[in-house]
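# Secondary and tertiary structure notes
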Amino acid sequence: MIEAKGIEKSFGTLKVLKGIDFSAGKSEVISIMGASGAGKSTLLQILGTLSTPDKGTLAIDGTDVLRLGQRTLAEFRNRKIGFVFQFHHLLPEFTSLENVMIPALIAGRTEKDSRNAALGLLSDLGLSDRTGHKPSELSGGEQQRVAIARALVNNPSVLFADEPSGNLDSRTKEDLHRLFFSLRDKYGQTIVIVTHDPALARMCDRTLYMKDGLFVTDHDIRTSGTATGASETE
């Protein structure tokens with residue numbers, strides 16, 4: 001589903017990614033861990049086509065995305081990729097239902113189809129009684145579930161999540177972690193999660209560790225004394 005080779009990225013004289021190879025199979029859930037500054041979020045942005053690498057290749061669901069024009073890439077991203085971030089980025093003036101419908105409407109789906117898809121997802125996520133509520137009227141966990149529904153409304157092939165539970169309390173965090181795997185089982189998405197949470201990483205099919213712009217082994221991380229459980233994000 002995802003095949004990246006030789007990914008490099010620099011910001012000025014700082015080389016953040018130093019030749020990353022990454023692959024993910026269909027319906028696989030992969031976590032990426034590492035200390036702040038290791039390059040995790042930069043890699044996720046490139047894999048999600050939000051940023052362009054300086055070098056390397058990237059294919060998603062069989063498409064060489066780095067060769068797509070800007071408009072075609074935006075359309076591909078809308079149809080094939082979903083994003084969930086630590087901060088939900090819901091539009092405050094719209095209801096839960098309207099927030100979830102927006103990507104479907106952008107994709108050219110009818111209002112009726114968009115509404116039905118959004119209602120179905122909100123129901124699956126236990127938010128049937130919150131469809132008419134605006135973000136300010138929702139708890140942090142409810143807001144994040146609306147954001148997940150929004151990410152899934154176009155049935156993307158891949159879901160990227162950057163510290164999705166980093167802003168939640170322990171109980172809500174555990175519920176959200178279980179939710180990712182129930183969604184994978186129901187909808188079949190490939191899910192890539194950047195996290196500092198060891199409990200979430202242990203639930204994943206695979207965990208990859210980053211240090212100084214490269215993947216390393218768990219042994220390398222532990223013997224170097226690098227903390228993978230740091231609370232700050234990149």
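The structure we're discussing is the one just above.
### Let's talk about the overall build of the protein
- A tally of regular secondary structure across the protein gives eight helices and 10 strands.
- Relative to its full complement of 234 residues, the protein shows a buried share of 47%.
- Once local pairs closer than 6 in sequence are excluded, the contacts in the protein between residues at least 24 apart make up 70%.
- A total of about 11100 Å² of accessible surface is found on the protein, and carbon and sulfur atoms cover 48% of it.

### Focus on the pairing of strand β7 (residues 158-162)
- Within β7, five of the five residues are buried, which leaves it mostly tucked inside the rest of the structure.
- Residues Val158, Phe160 and Asp162 point to one face of β7 and Leu159 and Ala161 to the other, with burial holding for every one of them.
- Sheet topology places strand β6 (residues 81-85) next to β7; five bridges connect them, and they run parallel. Paired with phenylalanine 83 across the two strands is phenylalanine 160, which belongs to β7.
- Alignment of β7 against strand β8 (residues 190-194), held across five bridges, turns out to be parallel.

### Notes on the side chain of asparagine 154
- Take asparagine 154: it is sitting in the loop between α5 (140-152) and β7.
- The exposure class of asparagine 154 is buried, given its relative accessible area of 14%.
- Among the polar contacts made by the side chain of asparagine 154, one reaches the main-chain carbonyl oxygen of asparagine 78 at a distance of 3.2 Å.
- Among the polar contacts listed, one links the side chain of asparagine 154 to the side chain of arginine 109, at a separation of 3.0 Å.
- Here asparagine 154 is in contact with Asn78, Arg79, Pro103, Ala104, Ala107 and Arg109, once residues within four sequence places are set aside.

### A closer look at the pairing of strand β1 (residues 2-11)
- Of the strand pairs in this sheet, β1 and strand β2 (residues 14-24) are connected by eight bridges, and their pairing is antiparallel. Across the sheet, the residue bridging to glutamate 8 is lysine 18, located in β2.
- Where β1 folds back on β2, the antiparallel hairpin that results is connected by two residues, among which glycine 12 adopts a positive phi of roughly 65 degrees.
- Where β1 meets strand β4 (residues 55-60), five bridges bridge the pair, whose relative direction is antiparallel. When the bridges of β4 are listed, glutamate 8 appears paired with lysine 55.

### Side note on the layout of surface pockets
- Roughly 440 Å³ of internal volume is contained in the largest pocket.
- A per-class count over the lining of the largest pocket returns 10 nonpolar, five polar and two charged.

### Description of helix α4 (residues 111-124)
- Between its terminal C-alpha atoms α4 stretches 20 Å, which fits the 20 Å expected from 14 residues at 1.5 Å a residue.
- Within α4, the full set of buried residues consists of Ser114, Ala117, Ala118, Leu121 and Leu122. Buried positions in α4, seen along its axis, are confined to an arc of 130 degrees and lie on one side of it.
- Positioned one or two residues after α4, glycine 126 has a phi angle of 75 degrees, which is positive.

### Focus: the sheet that holds β6
- Judged by pairing direction, the sheet is mixed, and its six strands sit side by side in the order β6-β7-β8-β3-β9-β10 without closing on themselves. Each edge of the open sheet carries a strand with a single partner, namely β6 and β10 (214-216). The average angle at which neighbouring strand axes cross in this sheet is 25 degrees, direction not considered.
- Pairing geometry for strand β3 (residues 29-33) and strand β9 (residues 206-211), over four bridges, is parallel. Following the sheet pairing, isoleucine 30 is matched in β9 by arginine 206.
- Helix-sheet contacts for helix α2 (residues 70-80) involve β6 and β7, and the interaxial angle to β6 is about 70 degrees.
- Set on the sheet, α5 makes contact with β6 and β7; between it and β6 the angle comes to about 165 degrees.

So, how was this worked out
- Residues numbered from 1 in each chain as written.
- Predicted model: local features only at pLDDT ≥ 70, side-chain atom pairs only at ≥ 80, totals over all residues.
- Heavy atoms only, no water.
- Helix = DSSP H or I, 4+ residues; strand = E, 2+ residues; numbered from the N terminus.
- Buried < 20%, exposed > 50% of the residue type's maximum accessible area, 1.4 Å probe, protein only.
- Contact = heavy atoms within 4.5 Å.
- Areas by Shrake-Rupley, 256 points an atom, 1.4 Å probe, with all protein chains shown as cover.
- Pairing = 2+ DSSP bridges.
- Polar contact = N/O pair within 3.5 Å; in protein donor to acceptor, adjacent residues only side chain to side chain.
- 1 Å grid on protein atoms, 1.4 Å probe; cavity = no way out; pocket = protein on both sides within 12 Å on 5 of 7 lines; lining within 4 Å.
- Points joined across faces, edges and corners; volume = space filled by probe spheres on them.
- Nonpolar A, V, L, I, M, F, W, Y, C, P; charged D, E, K, R; others polar.
- Expected span 1.5 Å × (residues − 1).
- Arc of directions from axis to C-beta.
- Axes fitted to C-alpha atoms, helices over the stretch in contact; angles between N-to-C directions.

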